[in-house]
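# Observations on chain architecture
Given next are the chains, with one letter for each unit.
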Amino acid sequence: MPDGAPCPAIGARVVVPLGTRAVTGLVVGEAPADGDSGGLDVKDVRAVLDTDAFVPADVVALALWT
C-alpha cells in the first residue's frame, strides 16, 4: 500500500505488479494483519485508483463464488 494511503474499499480498482508489468486489479478482500495470506497470491498495491468501490460488493461476491 502506498505510504499514507487508506485501505481501499472492496471493489475498488488498484494498480499491482504482475511479472514485469503493472496492471489494474480489483480489491476482493483485505490481507490479514499478521501477514499470513493463507496461500493466496496477495499483491502489493502500487496505486489506488478509486476512493469508493468501482464494482458493487454483490458483483465481487458473485465473481468470487464462480
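Refer to the structure printed above.
These notes cover the structure that comes with them. (Residues numbered from 1 in each chain as written. Predicted model: local features only at pLDDT ≥ 70, side-chain atom pairs only at ≥ 80, totals over all residues. Heavy atoms only, no water.)

Let us look at the overall build of the protein. Secondary structure assignment for the protein yields one helix and three strands. Secondary structure elements of the protein occur, N-terminal to C-terminal, as β-β-β-α. Buried positions account for 20% of the 66 residues belonging to the protein. For the protein, the proportion of contacts with a sequence separation of at least 24, taken over those separated by at least 6, is 64%. (Helix = DSSP H or I, 4+ residues; strand = E, 2+ residues; numbered from the N terminus. Buried < 20%, exposed > 50% of the residue type's maximum accessible area, 1.4 Å probe, protein only. Contact = heavy atoms within 4.5 Å.)

The tally for this structure, following the rule as stated, stands at zero aromatic pairs. Directly above the aromatic system of Phe 54 lies the positively charged group of Arg 13, at a separation of 4.2 Å from the ring centroid. (Phe/Tyr/Trp six-rings, centres within 6.5 Å; stacked < 30°, edge-to-face > 60°. Lys NZ or Arg CZ within 6 Å of the ring centre and 35° of its normal.)

Right, let's talk about the sheet that holds strand 3 (residues 47-48) for a bit. Pairing within the open sheet is antiparallel, and its three strands lie in the order 2-1-3. In this open sheet, the two edge strands, each paired with only one partner strand, are strand 2 (21-26) and strand 3. With six bridges joining them, strand 1 (residues 13-18) and strand 2 adopt antiparallel strand pairing. In the sheet register, Leu 18 faces strand 2, and the bridge partner there is Arg 21. (Pairing = 2+ DSSP bridges.)

Before going further, it helps to spend a moment on a nonpolar patch on the surface. A contiguous nonpolar patch, built from Leu 26, Val 28 and Leu 64 and spanning about 260 Å² of accessible area, is present on the exposed surface. On the basis of relative accessibility, which here comes to 53%, the residue Leu 64 falls in the exposed class. (Patch = residues over 30% accessible without salt bridge, like charges linked within 9 Å, V, L, I, M, F, W, Y side chains within 5 Å. Areas by Shrake-Rupley, 256 points an atom, 1.4 Å probe, with all protein chains shown as cover. Salt bridge = Lys/Arg side-chain N within 4 Å of Asp/Glu carboxyl O.)

The hairpin formed by strand 1 and strand 2 contains two residues between the paired strands, and Gly 19 there has a positive phi angle of roughly 65°. Of the pairings in the sheet, the one linking strand 1 to strand 3 comprises two bridges and is antiparallel in character. By the bridge assignment for strand 3, Val 14 is matched with Val 48.

Bringing the side chain of Asp 50 into the picture now. Looking at the element boundaries, Asp 50 is found in the loop between strand 3 and helix 1 (57-65). A distance of 2.8 Å separates a polar atom in the side chain of Asp 50 from a polar atom in the side chain of Arg 13. If near-sequence neighbours (up to four positions away) are discounted, Asp 50 is found in contact with Ala 12 and Arg 13. (Polar contact = N/O pair within 3.5 Å; in protein donor to acceptor, adjacent residues only side chain to side chain.)

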